[in-house]
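Coordinates in review
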Amino acid sequence: MHQPDGKRYEGMKYNRCGKSGVKLPAISLGFWHNFGGVDTRENSRAMARHAFDLGITHFDLANNYGPPPGSAEETMGYILKNDLSGYRDELIISTKAGYDMWPGPYGDWGSRKFLMASLDQSLKRMGLDYVDIFYHHRPDPETPLEETIGALCDIVHSGKALYAGVSNYPPELTGKAEDLMKSMGMHILIHQPKYSMFERWIEDGLLKELRDDGIGCIVFSPLAQGLLTNKYLEGIPADSRAAKPTGFLRPEQVTHERIEKVRRLNEMARARGQNLAQMALAWVLRHTEVTSAVIGSSKVGQIDDSVKALEHADFTREELGRIDSILAGK
Ligand SMILES: NC(=O)c1ccc[n+]([C@@H]2O[C@H](COP(=O)([O-])OP(=O)(O)OC[C@H]3O[C@@H](n4cnc5c(N)ncnc54)[C@H](OP(=O)(O)O)[C@@H]3O)[C@@H](O)[C@H]2O)c1
């Protein structure tokens with residue numbers, strides 16, 4: 001059994017999630033990569049334990065994380081049983097359903113049938129009675145929104161999730177989902193969108209929507225899957241996500257144009273006295289609407305590195321302007 005660091009709450013910053021009662025650590029840890037059945041379990045365990053030691057109280061999962069799908073939740077279950085048993089009440093564990101999970105018409109998208117069955121499977125894999133947050137993972141163009149949102153509300157009423165969230169919903173649909181939730185006496189706790197220096201769509205309406213509705217925001221892939229670090233400056237290292245056959249970052253996404261921007265951003269980060277990963281995390285957290293950044297990690301040391309972003313999280317107007325210029329290729 002892991003003996004967590006007694007000082008784990010001293011270095012982390014906790015932000016209120018929208019207008020709710022719950023706070024999330026500014027840095028959360030995601031289980032999308034490096035926690036699956038294909039990965040080394042001892043490394044996964046070490047990363048989760050170390051994250052908790054640093055005050056990272058939130059672990060983010062989904063039904064399909066692995067590979068194989070479902071195996072990251074099994075790893076979470078193993079860690080909860082063997083390392084963090086006794087600490088359930090200090091943890092916020094989320095999972096999701098919305099992407100292809102099992103064959104046939106009931107294993108994908110946003111039907112009540114899929115969401116209910118998927119959460120039951122997730123709970124079984126993690127050995128939990130409830131998750132803290134259950135998300136609809138992506139919009140479903142065919143299922144009526146009333147059905148999806150109604151299922152989320154019923155899941156919360158059943159006690160299998162404490163809060164409900166949506167992920168990858170565009171601004172207008174988020175507003176509609178929140179209106180429906182309200183009509184059912186509930187509220188969307190949190191939205192999980194992709195956001196980084198290379199992916200800025202949430203600045204165009206979503207952040208305002210979340211602010212107006214008091215919905216929290218946890219941004220995913222804040223390092224653009226590792227591109228916004230110094231690791232690809234001299235090519236694609238053999239142990240990087242872009243080099244791994246199971247990684248979602250493909251070598252063709254490591255383009256010359258992007259790496260030139262990364263080089264300039266890296267120089268700027270160094271001048272600020274931090275590395276690029278730290279500057280990229282501080283940059284996503286600069287919005288008051290952003291409750292947390294959910295990072296990925298392949299090594300314990302990367303988590304240390306990321307948490308240090310909080311030591312220098314403020315930007316001058318000039319610095320923000322310079323980042324905009326670099327990203328615009330000027
Ligand atoms: N809702 C959704 O649709 C959705 C979709 C995707 C992800 N997510 C969530 O977001 C989480 C994070 O996504 P992500 O893994 O793409 O996030 P990310 O933080 O952008 O990328 C993480 C990767 O960057 C590299 N890295 C991290 N810290 C580093 C450092 N200090 N120096 C050098 N390289 C570093 C590592 O890759 P290497 O393997 O190269 O070391 C690491 O696995 C996921 O686990 C999941 O929980 C949600």
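Residues numbered from 1 in each chain as written. Predicted model: local features only at pLDDT ≥ 70, side-chain atom pairs only at ≥ 80, totals over all residues.

**Concerning the overall build of the protein chain**
Each helix and strand in the protein chain was counted, giving 10 helices and 10 strands. The C-alpha radius of gyration of the protein chain comes to 19 Å, within 12% of the 20 Å expected for a compact globule of 330 residues. Dimensions of the protein chain along its principal axes, counting C-alpha atoms only, are 50 × 45 × 40 Å. Among the 330 residues that make up the protein chain, the fraction classed as buried is 45%. Across the protein chain, contacts joining residues at least 24 apart in sequence account for 76% of those joining residues at least 6 apart. (Helix = DSSP H or I, 4+ residues; strand = E, 2+ residues; numbered from the N terminus. Rg over C-alpha atoms; globule rule 2.2 N^0.38 Å. Buried ≥ 20, exposed ≤ 12 C-beta atoms within 10 Å, placed from the backbone. Contact = placed C-beta atoms within 7 Å.)

**Considerations on the packing of helix α5 (residues 171–183) against helix α6 (residues 206–213)**
Remark: α5 packs on α6, axes separated minimally by 8 Å, with the N-to-C direction vectors making an angle of 20°. For the element pair α5 / α6, the angle class is roughly parallel. The two elements α5 and α6 cross, and the hand of that crossing is right-handed. Contacts between α5 and α6 involve P171, T174, G175 and E178 from the first element and L206, E209 and D213 from the second. The residue makeup of the contact of α5 with α6, split by class, is 2 nonpolar, 2 polar and 3 charged. (Axes fitted to C-alpha atoms, helices over the stretch in contact; angles between N-to-C directions. Parallel < 35°, antiparallel > 145°, perpendicular 65-115°, else oblique. Left-handed = near helix turned anticlockwise from the far one by under 90°. Nonpolar A, V, L, I, M, F, W, Y, C, P; charged D, E, K, R; others polar.)

**Digging into the site of the ligand**
Near the ligand there are 30 residues, and of these G30, W32, F220, G226 and G296 occur at the shortest range. Mapped by element, the contributors of at least two residues to the shell around the ligand are β10 (292–295) and α9 (300–307). The leading source of residues in the shell around the ligand is α9, at 3 residues. Classifying every residue of the shell around the ligand gives 9 nonpolar, 17 polar and 4 charged. (Near = placed C-beta within 6 Å.)

**Comments concerning the sheet that holds strand β4 (residues 58–60)**
Pairing is parallel in the closed barrel, where 8 strands are placed in the order β3-β4-β5-β6-β7-β8-β9-β10. Sheet twist, expressed as the mean angle between neighbouring strand axes with direction ignored, is 30°. Strand direction decides the pairing type here: strand β3 (residues 27–30) and β10, joined by 3 bridges, are parallel. Counterpart to I27 in the pairing with β10 is A293. Contacts from helix α3 (residues 112–126) reach β5 (92–97), β6 (131–136) and β7 (161–167), with the element oriented near 135° to β5. (Pairing = 2+ DSSP bridges.)

**Quick notes on the pairing of β10**
Of the two faces of β10, both are covered, the one formed by S292 and V294 as well as the one formed by A293 and I295. Relative to β10, strand β9 (residues 216–220) is paired through 3 bridges, and the arrangement is parallel. For I218, the partnering residue across the bridge sits in β10 and is S292.

**What to know about the environment of P251**
Secondary-structure assignment places P251 in the loop between β9 and α7 (256–271). Each residue touching P251, except ones within four places of it in the same chain, is listed here: I236 and A242.

**Things to note about unusual backbone geometry**
P67 follows G66 through a cis peptide bond whose omega is -10°. Looking at the element boundaries, P67 is found in the loop between β4 and α2 (71–82). For the bond from P67 to P68, the omega torsion is -10°, close enough to zero to count as cis. The phi dihedral of N168 falls on the positive side, at around 65°, and the residue is not glycine.

**Observations regarding the environment of G107**
You can see G107 is positioned in the loop between β5 and α3. Expressed as a C-alpha distance, the spacing of G107 and A117, which sit 10 residues apart in the sequence, is 8.6 Å. Ignoring any residue separated from it by four or fewer positions in sequence, one finds G107 in contact with D100, M101, W102 and F114.

**Overview of the pairing of β6**
Counting buried residues along β6, 6 of its 6 residues qualify, which places the element largely inside the surrounding structure. Where β5 lies against β6, 4 bridges are found, and the strand directions are parallel. When the sheet's bridge partners are listed, S94 is paired in β6 with I133. Across 5 bridges, the pairing between β6 and β7 is parallel. Among the inter-strand pairings, F134 is bridged to a residue of β7, identified as A164.

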